[in-house]
Amino acid sequence: MLLVEKIKIPNSKIVSFSLKENELACLIGKNGSGKSLFLKSLANLIPNTYEKFIYQNKNISEWNPQEFRQEVFYSSSIPFMPLDGNVEDFMTAHQKLAIYSNVTPTFDPLPYLNDWKLSGEKLIRLSSGQRQMVSLLRALTLKSKILLLDEPTSHLDPEKTLQIEKLIHEWREQTQGSILLVSHQEAQINRMNGKVYQFENLLN
């Protein structure tokens, strides 16, 4: 589904990696080793060079950049979120973009917003953890085929962490999508029950 060989990320490290359809993989490694840069490179968000970069049997150069980023979505551990409006405004803001105008979400966020008691909440009042939860929830509605999740529970308490992990599993079951998740939590990696990659072992 996604294959990169000898992709050079901005810290000059060279990485090879592949992700299969409906695969859940966890990426571990030292702080500052380049995991976030690697995820951004996989999402084609930053300049990079490579020997091979294939997605859905097509070279990255054959993809429209916007369409590729719609299908291969990077979710930051520190999500950007405006201060104006409420949670529902944020959840639907992307629908104003042409690339998402005809996208019908296959994952309904409303039950989760209600369960978290965040429906109608003003964005300016959200905590760091709540921002992380809402941002991830929106990412799950974008009909992406691959989610690159950069420490998606780093600001959450243990209870909310378990809720987000359950949410990620439910998204994968409903969409048959693939996930690459960066985490420093050994217990979380064990609970996710996916293939584990040590970042340093991917270096060429």
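So, how was this worked out
Residues numbered from 1 in each chain as written. Predicted model: local features only at pLDDT ≥ 70, side-chain atom pairs only at ≥ 80, totals over all residues. Heavy atoms only, no water. Helix = DSSP H or I, 4+ residues; strand = E, 2+ residues; numbered from the N terminus. Buried < 20%, exposed > 50% of the residue type's maximum accessible area, 1.4 Å probe, protein only. Contact = heavy atoms within 4.5 Å. Core = buried A, V, L, I, M, F, W, Y, C linked by side-chain atoms within 4.5 Å. Pairing = 2+ DSSP bridges. Axes fitted to C-alpha atoms, helices over the stretch in contact; angles between N-to-C directions. Parallel < 35°, antiparallel > 145°, perpendicular 65-115°, else oblique. Nonpolar A, V, L, I, M, F, W, Y, C, P; charged D, E, K, R; others polar. Expected span 1.5 Å × (residues − 1). Polar contact = N/O pair within 3.5 Å; in protein donor to acceptor, adjacent residues only side chain to side chain. Salt bridge = Lys/Arg side-chain N within 4 Å of Asp/Glu carboxyl O.

(A) Region of the structure containing the overall build of the protein chain. Counting its secondary structure elements, the protein chain contains seven helices and nine strands. Judged by the C-alpha coordinates and their principal axes, the protein chain covers about 45 × 40 × 30 Å. Sorting the 204 residues of the protein chain into buried and exposed places 46% on the buried side. Long-range contacts, defined here as pairs at least 24 residues apart, represent 75% of the contacts in the protein chain between residues at least 6 apart.

(B) Broad picture of the nonpolar core. If you look at the biggest cluster of nonpolar residues, it comprises 29 residues, and the most contacted ones within it are W116, V134, L137, I164, L167, I168 and I179. Those elements that provide at least two residues to this core are strand 3 (24-28), helix 3 (87-92), helix 4 (110-115), helix 5 (128-140), strand 7 (146-150), helix 6 (158-175), strand 8 (178-182) and helix 7 (186-192). No other element matches helix 5, which puts five residues into this core. Apart from the residues lying within four places of it in its own chain, the contact partners of I179 are L19, E23, L24, A25, L147, L149, I168, W171 and R172.

(C) Local environment of the sheet that holds strand 6 (residues 72-75). Reading across the sheet, the five strands line up as 6-7-8-3-9 and stay open at both edges, with parallel pairing between neighbours. Looking at which strands have only one partner, the edges of the open sheet turn out to be strand 6 and strand 9 (195-198). If you compare each strand with its neighbour and ignore which way they point, the axes differ by 20° on average. Where strand 3 meets strand 8, four bridges bridge the pair, whose relative direction is parallel.

(D) Focus on the pairing of strand 2 (residues 14-19). The two faces of strand 2 differ: V15, F17 and L19 on one face are buried, but I14, S16 and S18 on the other face are not. With antiparallel pairing between neighbouring strands as the criterion, strand 1 (residues 2-8) and strand 2 make up a hairpin whose turn holds five residues, including S12 at a positive phi of roughly 75°.

(E) Here's a closer look at the packing of helix 5 against helix 6. Interhelical geometry of helix 5 versus helix 6 gives an angle of 5° and a closest axis separation of 11 Å. For the element pair helix 5 / helix 6, the angle class is roughly parallel. In this structure, helix 5 uses M133, L136, L137 and L140 to contact helix 6, whose residues at the interface are K160, Q163, I164, L167, I168 and W171. Of the residues assigned to the contact of helix 5 with helix 6, the class counts are eight nonpolar, one polar and one charged.

(F) Main features of the environment of L19. For L19, the position within the fold is in strand 2. Among the residues examined, L19 registers a relative accessible area of 1% and is labelled buried. C-alpha separation for the pair L19 and Q70, spaced 51 residues apart in sequence, amounts to 17 Å. Those residues in contact with L19 that lie beyond four places of it in its chain are M1, L2, A25, I146, S178 and I179.

(G) The arrangement of helix 6 in detail. Taking 1.5 Å per residue as the helical rise, helix 6 with its 18 residues ought to reach 26 Å, and the 26 Å between its terminal C-alpha atoms agrees with that figure. Within helix 6, the full set of buried residues consists of T161, I164, E165, L167, I168, E170 and W171. Contacts from the buried residues of helix 6 go to helix 4, helix 5, strand 7, strand 8 and helix 7. Measuring from the backbone nitrogen of E159 back to the side-chain oxygen at the start of helix 6 gives 3.2 Å, which picks out D157 as the cap.

(H) Spotlight on the pattern of salt bridges. A full pass over the atoms with the stated rule returns four salt bridges. Between E71 and K145 there is a salt bridge, with its nearest N and O atoms 3.9 Å apart. Here the residue E71 occupies a position in helix 2 (residues 65-71), and K145 occupies one in the loop between helix 5 and strand 7, the gap between them amounting to 74 residues. Residue class for K145 comes out partly exposed when judged on its relative accessible area of 37%. Where E170 meets K166, a salt bridge forms, and the shortest distance between an N and an O atom there is 2.4 Å.

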